[in-house]
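Summary of the model geometry
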Amino acid sequence: MGVGSGRLYAAVAAGGFRRYATYRVATAAGVFTNTVFGLILVYTYLALWDERPQLGGYDQAQAVTFVWLGQALLAALAIGGGGFEDELMERIRTGDIAVDLYRPADLQLWWLAADAGRAVFQLLGRGVVPFAFGSLFFPVALPREVSTWAAFLVAVGLGALVSFALRYLVALSAFWLMDGTGMLHMAWIAGLFCSGMLLPLNVFPGALGEVVRALPWSSLLQAPADVLLGEAAPLGTFVFQAAWAVALLAVGRLVQSAATRRVVVQGG
Amino acid sequence: MGGSGTMAGADTAGPGAAAFIELDGVEKVFDVRKKTGFLKRERRRVRAVDGLSFTVARGEMVGYIGPNGAGKSTTIKMLTGILTPSGGRLRVAGIDPSRERTRLAQRIGVVFGQRTTLWWDLPLIDSYRLMHRMYRIPDVRYRENLERCVELLQLGELLDVPVRQLSLGQRMRGDIAAALLHDPDVLYLDEPTIGLDVVSKAKVRGFLRDLNAERGTTVLLTTHDLQDIEQLCSRVMVIDHGRLVYDGPLAGLHEAGESERTLVVDLERELPPIEAPEPARVMRVEGPRQWLAFPASASAAGLVARIAAEYPLVDLSVREPDIESVIARMYAERTSA
């Protein structure tokens, strides 16, 4: 990894950003969808927190903030899927992966860079507006300190890394399964539930709560949200996220070398 | 196969330095699992490439043909390092492709006709900028090569067009340019003219011919379009069932395939079949017109003179065998053998 490869992956990331920026109508539709979803969830949460104030340790404003954070991060962190993995699986299925493999570039870094470009675009293009909307029209709990916001952004970055590492494994399964639809569905359900997208994970009691909070998906939404809401110490959160990221990226690397070594590249 | 005379050889020193691409008994065996029942699976070994040996000298332009599933693409994938041979020895520019894939990538260009290396959603130029970084092409050389490709492949007006909006022919030219920006020593082309119209095919062929002549780029071309071979390659290799069944000049294929020419004779009136000297024979009679087949390697002169002397001849024409039927016959013979 020298300056040269840094420039290559920067170019890949820039390309990933611009590819998504091309589709403006899709972005506008996404913003609309996220806002509507946010409204539905906010009213559900308000009803819930009316009945059970301080549920999971959040007050009502924190719960509302959590909803709009979820909507802001849903697309960027591909919590329910919809990132690079669909494309990579399709390339494995059709054999187009051959083109990626003969290039003088690392497959995992390549897709990581492309997905990072996409994530940055979707954070700006699809995240900011629903979040601003929510903050304007609902009572939210936002920090005043710049340092908390900075820590939040770091946690989002680490969450994106964990999200990529998980989806990379899902995508590589296509080398063996060919049709990865089932894996995508499982990843979708796991992503929505285990990240805290449906309900904050601190709401879940007992062993279920303990387990689900320890799983990598909690790095995606629960961890950055708790940093922003002041419910978790940033450093500990970073360590938790980084540990999952390193472990999952390493597994991805192992699976990648197994996949490219012993699996037939499809098609003539 | 004149390339050997201009061999630089410095970077491929050692035994077999004259060969730029070198295969010696290369094999590729795949395990294919087939479902034979509810839970039963049958394991079957498929030899996609079965003891393949050939060499290609620097600057050669070689056609690599064979029926579907013959092992062409498997060979190309081994030559790029994507697939590891199950046996045998394989070298490209002195490099073992599967062990040093990344180092080799700097020396080779690949165009898979049915796939694209270009960024689908973005303007063509973005993909070229990416190649610039990926192959670490010095700025000056990148600009020169891009300019040259843009001019010769007529890409000027397409650079700012998203790849998904390009026609197939335009996209193919775009892909060929992408494969050449880093000045590869060897270019593998897998079906570069598939699906193209006549004009686009001519453009692609013309460009490849010039590239080979001016830059001495070694070209290995797989194709189903035999005109590609006829117009570009002095040498052709035919592969079937993973084995090389012919390697030599295109013209020699006629002999190897025992091809025949056809003499079409118009007589004054309807007559019984002409009694032609062996090995010529009448294939078909239709009124005053008769069709005679004779070996492509034999001269037509004697046959024509004999018929003219003994029969009331009005007109005649000689039809050359088409290479496709020659190769089709070659495949058929091997399958039935």
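The sections below set out a description of the structure shown in this document. The structure displayed is predicted, hence computed values, not measured ones. (Residues numbered from 1 in each chain as written. Chains lettered and ligands numbered in written order. Predicted model: local features only at pLDDT ≥ 70, side-chain atom pairs only at ≥ 80, totals over all residues. Heavy atoms only, no water.)

**Describing the interface of chain A and chain B**
Chain A puts 31 residues into the contact, and the matching count from chain B is 27 residues. Carbon and sulfur atoms make up 57% of the surface buried where chain A meets chain B, a total of about 2,700 Å² over both sides. Of all residues in chain A, the largest losses of buried area upon contact with chain B belong to Arg19, Tyr102 and Pro104 of chain A, amounting jointly to 27% of the total for that side. Scanning the region where chain A abuts chain B turns up 11 residue pairs in polar contact (both at pLDDT 80 or more). Of all elements in the fold, only α1 (3-21), α4 (84-94), α5 (97-101) and α12 (234-262) of chain A reach the threshold of two or more residues within the side of chain A that touches chain B. Looking at the side of chain A that touches chain B element by element, the count peaks at 10 residues for α1 of chain A. The residue inventory of the side of chain A that touches chain B, partitioned by class, reads 13 nonpolar, 11 polar and 7 charged. (Contact = heavy atoms within 4.5 Å. Buried area = accessible area lost by both parts, 1.4 Å probe. Polar contact = N/O pair within 3.5 Å; in protein donor to acceptor, adjacent residues only side chain to side chain. Helix = DSSP H or I, 4+ residues; strand = E, 2+ residues; numbered from the N terminus. Nonpolar A, V, L, I, M, F, W, Y, C, P; charged D, E, K, R; others polar.)

**Thoughts on the nonpolar core**
Core analysis: the largest hydrophobic core is formed by 152 residues, its most contacted members being Ile21, Tyr128 and Tyr188 of chain B. Considering every element that reaches this core, the biggest residue donor is helix α7 (residues 146-172) of chain A, with 13 residues. Among the nonpolar cores identified, the runner-up in size contains 12 residues, and Val265, Leu292, Phe294 and Ile307 of chain B belong to it. (Core = buried A, V, L, I, M, F, W, Y, C linked by side-chain atoms within 4.5 Å. Buried < 20%, exposed > 50% of the residue type's maximum accessible area, 1.4 Å probe, protein only.)

**So, the pattern of salt bridges**
In total, this model carries 34 salt bridges over all chains according to the counting rule given. Two residues, arginine 205 of chain B and aspartate 225 of chain B, come together in a salt bridge whose shortest N-O distance is 3.1 Å. With a gap of 20 residues between them, arginine 205 of chain B in helix α6 (residues 198-215) and aspartate 225 of chain B in the loop between β7 (218-222) and α7 (226-232) connect regions that are remote in the sequence. In terms of burial, arginine 205 of chain B and aspartate 225 of chain B fall into one category: buried. The partner of arginine 306 of chain B in a salt bridge is glutamate 310 of chain B, and the shortest N-O contact between them spans 3.2 Å. Pair noted here: arginine 306 of chain B and glutamate 310 of chain B are both in helix α9 (residues 301-310), with a separation of 4 residues, about one helical turn. Among the charged side chains, a salt-bridge network with shared partners connects Glu85, Asp115, Arg118 and Arg167 of chain A. (Salt bridge = Lys/Arg side-chain N within 4 Å of Asp/Glu carboxyl O.)

**Describing the sheet that holds strand β12 (residues 289-295) of chain B**
Residue and element names in this part refer to chain B. Here we have 4 strands laid out as an open sheet, ordered β11-β12-β10-β13, and antiparallel in their pairing. Where the open sheet ends on each side, the last strands, each with one partner, are β11 (281-286) and β13 (313-319). Strand-to-strand twist across the sheet, computed as the mean angle between neighbouring axes with direction ignored, equals 20°. The pairing of strand β10 (residues 260-267) with β13 spans 6 bridges and is classified as antiparallel. (Pairing = 2+ DSSP bridges. Axes fitted to C-alpha atoms, helices over the stretch in contact; angles between N-to-C directions.)

**Let's talk about helix α4 (residues 139-152) of chain B**
All names here are of chain B. Relative to the 20 Å expected for 14 residues at 1.5 Å per residue, α4 spans 20 Å between its end C-alpha atoms, a close match to the ideal helical length. Buried within α4 are the following residues: Tyr142, Asn145, Leu146, Arg148, Cys149 and Val150. In this structure, the buried side of α4 is in contact with α3 (124-134), α5 (168-180) and α6. Following α4 by one or two positions, glutamine 154 adopts a phi angle in the positive range, close to 55°. (Expected span 1.5 Å × (residues − 1).)

**Some thoughts on the pairing of strand β6 (residues 186-190) of chain B**
Residues and elements named next belong to chain B. Within β6, 5 of the 5 residues are buried, which leaves it mostly tucked inside the rest of the structure. Neither face of β6 is left uncovered, since the one carrying Val186, Tyr188 and Asp190 and the one carrying Leu187 and Leu189 both have all their residues buried. Note that strand β5 (residues 108-112) and β6 share 5 bridges and pair parallel. Across the sheet, glycine 109 pairs through a bridge with leucine 187, a residue of β6. Bridge analysis of β6 against β7 gives 5 bridges, and the strand direction is parallel. Following the sheet pairing, leucine 189 is matched in β7 by leucine 221.

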